[in-house]
Amino acid sequence: MKILLSLLFIISALFSAEVKELTWKRGESFLTFLNAHNISQDLYFNLSKSDQELCSELTAGIKYQILYDDNENILQVLIPISEEMQIHISKNNNNINKTNNTYKVDFVPIQFTEITQSISIPIKWSPYQDILDNTSNKLLANEFIRAFKRSVDFRKMRVGDNIAIKFTQRIRNGRYFGNPIIHAAMVEVRKRKHYIYMNDNDGRYYDEKARSLTSFFMKVPLRYRRISDPFTYKRWHPIKKRYRAHLGIDYAAPTGRKIFASADGKIIHRGRKGGYGKTIMIRHKGNYRTLYAHMSRYRSGLKVGSWVKQGRHIGYVGSTGMSTGPHLHFGLYKNGRAVNPNKIITITKEKLSGKAKKKFLVSIKKLSKELLDTIDNNDNTPLNIQDFKNKSELKLVS
Ligand SMILES: [Zn+2]
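First things first, this report covers the structure right here in the doc. (Residues numbered from 1 in each chain as written. Predicted model: local features only at pLDDT ≥ 70, side-chain atom pairs only at ≥ 80, totals over all residues. Heavy atoms only, no water.)

1. A short note on the environment of Gly-315
On the secondary structure map, Gly-315 appears in strand β22 (residues 313-316). Taking the C-alpha atoms as reference points, Gly-315 and Lys-258, separated by 57 residues in sequence, lie 6.0 Å from one another. Here Gly-315 is in contact with Arg-257, Lys-258, Ile-259, Met-295, Arg-297, Tyr-298 and Arg-299, once residues within four sequence places are set aside. (Helix = DSSP H or I, 4+ residues; strand = E, 2+ residues; numbered from the N terminus. Contact = heavy atoms within 4.5 Å.)

2. A look at empty space enclosed by the protein
Summary: where empty space remains is shown by rolling a probe the size of a single water molecule over the atoms. Scanning the entire structure with this criterion turns up 3 cavities of 30 Å³ or more. In this model, the second largest cavity occupies a volume close to 50 Å³. Lining the second largest cavity are Glu-57, Thr-59, Ile-62, Pro-80, Ile-81, Ser-82, Tyr-333, Gly-336, Arg-337 and Ala-338. Of the residues that make up the lining of the second largest cavity, three or more belong to each of domain 1 (3-110) and domain 3 (226-345). (1 Å grid on protein atoms, 1.4 Å probe; cavity = no way out; pocket = protein on both sides within 12 Å on 5 of 7 lines; lining within 4 Å. Points joined across faces, edges and corners; volume = space filled by probe spheres on them. Domains from an automatic or database assignment.)

3. Examining the pairing of strand β8 (residues 162-172)
Burial within β8 is extensive, with 11 of its 11 residues counted as buried. Here β8 shows no split at all, with Asn-162, Ala-164, Lys-166, Thr-168, Arg-170 and Arg-172 on one side and Ile-163, Ile-165, Phe-167, Gln-169 and Ile-171 on the other all buried. Of the strand pairs in this sheet, strand β7 (residues 113-122) and β8 are connected by 10 bridges, and their pairing is antiparallel. From the neighbouring strand, Glu-114 faces β8, where its bridge partner is Arg-170. From the end of β8 to the start of strand β9 (residues 175-189), which pair antiparallel, there are 2 residues, and Asn-173 there has a positive phi angle of about 50°. (Buried < 20%, exposed > 50% of the residue type's maximum accessible area, 1.4 Å probe, protein only. Pairing = 2+ DSSP bridges.)

4. Quick notes on the sheet that holds β9
Taken together, the 5 strands give an open sheet; going across it, the order is β7-β8-β9-β10-β11, and neighbouring strands pair in antiparallel fashion. This sheet does not close on itself; its edge strands, each paired only once, are β7 and β11 (204-206). Between one strand axis and the next, the sheet turns by 25° as a mean value, whatever way the strands run. The sheet contact formed by strand β10 (residues 192-199) and β11 spans 3 bridges and is antiparallel. When the sheet's bridge partners are listed, Met-198 is paired in β11 with Tyr-205. Strands β8, β9, β10 and β11 of the sheet are contacted by helix α6 (residues 138-148), whose axis makes an angle of about 40° with β9. Where helix α8 (residues 354-376) meets the sheet, it contacts β7, β8, β9, β10 and β11, and its direction lies at approximately 130° from that of β10. (Axes fitted to C-alpha atoms, helices over the stretch in contact; angles between N-to-C directions.)

Shape descriptors only; they carry no functional weight alone.
Below you can see the structure in the form of structure tokens.
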């Protein structure tokens, strides 16, 4: 057997191996990482174009793990690139020459636990603060505020008003991981109840009358011919027998076609970015970032720190970096994690209608009752996320 899945404590016991958790540093790239650890750059250059593109997804601040043997040699590395996938570097022990330190790379799914919980919280300070105090989950508090932004004025709330939330959160190694999904939530403002519900079909929030509550401020950044590669977190490739991900949308368009800023924001990157070639990144309100890759050139006069308005011309379509033909790779990130741009930028109707509305109204009946029940039952037992420590994902190559 080539690969033996084993638990961390077994590895530790047998080989006195050690796992270190590190944080990806600002300015660090896949290549500088390989260099710093004396791993051949061929590891990167032998990858396919789409895999090289994925290696450009590494962002400062992500936590990754290295497994060392007792001589401090790297056995394995796991670096998350999205909420679903991670880069796995492992020592290649198949060589006859055992002294040869070669490694291989593959992309593997991230292991996590998903919990769905309904909680009620009586207001003491503010919804944000009280969610934080009760769950220690900052992303959940932020998402809650965002969901109600268009329908509720929190300043009118009083001590003793209630909120109730049904949400799903991923937990990985005893920590919250990735953006939470709020299925339904209720806010009492002086005893009057306001609801929001997630519509599973489009991933957006609606009120109890199926009116849209999500504000969309992003626009498609160019006039394109077609989408040549859609966004995908994790898709099983039956022929190559592996997972592949594409963390943005590829818009096919001729070289030189103008690219526009998708929303107001500040330029935080202008330059080459690994497999993405000439790239501009813009930071927007609400912890969003957009990425425009494979440009042939930038619009002159733009630099890091420049403020741009929505629709401002920022560069031209090209094929720089790892690209098979002229196109724009457009990425959207929320809290540093890639999300499907289509969820944000597609022009949407303000209301659901017809079959979609009927289906939605049926589904929210049960959710509303669930929320009210959590308040009646005073369900606010805080979760001990330390109980959700995953078994180590690091495999042992034998
Ligand atoms: Zn792409």
